[in-house]
Amino acid sequence: MICLSNAMHITASVFINDDEPGLHQDFEVWLERLAPEKPYSQYRHNTAEDNADAHLKRTVMGREVVVAVTAGQLDFGPWEQIFYGEFDGKRDKRVLVKIIGE
Amino acid sequence: MKSLTKEIWMNVPQRRAIVSIHNEVERLVEQSGVRDGLVLVNAMHITASVFINDNESGLHHDYEVWLEKLAPEKPYSQYQHNGSEDNADAHLKRQVMGREVVVAITDGKLHLGPWEHIFYYEFDGNRKKRLLVKIIGE
């Protein structure tokens with residue numbers, strides 16, 4: 001069996017990494033350096049919106065993960081944890097989980 | 001289990017471009033007859049990407065500028081890969097954008113959010129290249 005889990009929005013991510021708050025802070029700082037939120041005007045996308053950085057950040061972090069399911073459990077390494085990364089929040093958004101196999 | 005495999009040929013007449021492949025993938029899902037499953041869409045070349053994001057031209061321009069900042073094309077000599085080739089930047093850019101997407105199929109259709117759109121991103125064009133669509137399910 002395999003399990004697909006993906007963000008259904010183009011300004012959010014599903015990714016697998018460490019459940020450690022220091023790293024989460026590091027991700028935030030690093031993503032801000034790679035694709036800064038401001039000035040909004042630096043991005044052509046930001047004529048009507050202000051979330052161009054969110055599109056770029058989610059591109060770095062990824063849209064989805066595909067995880068093996070064996071003997072009824074997710075096949076993870078020792079530290080793998082699944083996360084949702086929100087880059088343009090404050091509204092209802094969805095994550096899809098699709099599990100197929102026997 | 002049903003499956004459908006299709007290689008789609010591209011030939012982008014410039015070095016870099018974003019090309020929509022969304023309708024083609026939708027058609028293939030319909031053709032497969034799969035009601036519930038998954039579709040894998042991936043670039044078959046290591047200097048190209050398949051990704052999902054917004055079908056908005058301003059953002060596409062932003063991607064081009066941003067990727068050139070992260071992994072500039074020139075000078076070619078800055079990259080050790082560029083001994084006999086000149087496309088090291090294309091390999092790096094495609095790593096940022098991704099190789100593939102895996103999309104759920106539910107009730108015979110691509111199961112997508114409101115703005116999700118499937119694209120091919122060429123980083124080293126001017127030649128024939130392929131992407132793969134593999135659909136599996138019931």
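Structure report, in brief.

Parameters at a glance
Residues numbered from 1 in each chain as written. Chains lettered and ligands numbered in written order. Predicted model: local features only at pLDDT ≥ 70, side-chain atom pairs only at ≥ 80, totals over all residues. Contact = placed C-beta atoms within 7 Å. Helix = DSSP H or I, 4+ residues; strand = E, 2+ residues; numbered from the N terminus. Nonpolar A, V, L, I, M, F, W, Y, C, P; charged D, E, K, R; others polar. Pairing = 2+ DSSP bridges. Buried ≥ 20, exposed ≤ 12 C-beta atoms within 10 Å, placed from the backbone.

Things to note about the interface of chain A and chain B
Listed as interface residues are 23 residues of chain A and, on the opposing side, 25 residues of chain B. Broken down by secondary-structure element, the contributors of at least two residues to the side of chain A that touches chain B are helix 2 (52-61), strand 3 (64-70) and strand 6 (95-100) of chain A. The greatest single-element share of the side of chain A that touches chain B, amounting to five residues, is contributed by helix 2 of chain A. Of the residues assigned to the side of chain A that touches chain B, the class counts are twelve nonpolar, six polar and five charged.

What about the sheet that holds strand 1 (residues 2-7) of chain A?
Residue and element names in this part refer to chain A. Overall, antiparallel pairing links the four strands, which are arranged 4-3-1-6 in an open sheet. This sheet does not close on itself; its edge strands, each paired only once, are strand 4 (73-74) and strand 6. The pairing of strand 3 with strand 4 spans two bridges and is antiparallel. Within the sheet, the bridge partner assigned to Thr70 lies in strand 4 and is Gln73.

What about the environment of Leu112(B)?
In this structure, Leu112(B) sits in the loop between strand 6 (109-110) and strand 7 (117-122). Overall, the presence of 19 C-beta atoms within 10 Å leaves Leu112(B) in the partly exposed class. Excluding residues that lie within four positions of it along the chain, Leu112(B) makes contacts with Met8(A) and Val103(B).

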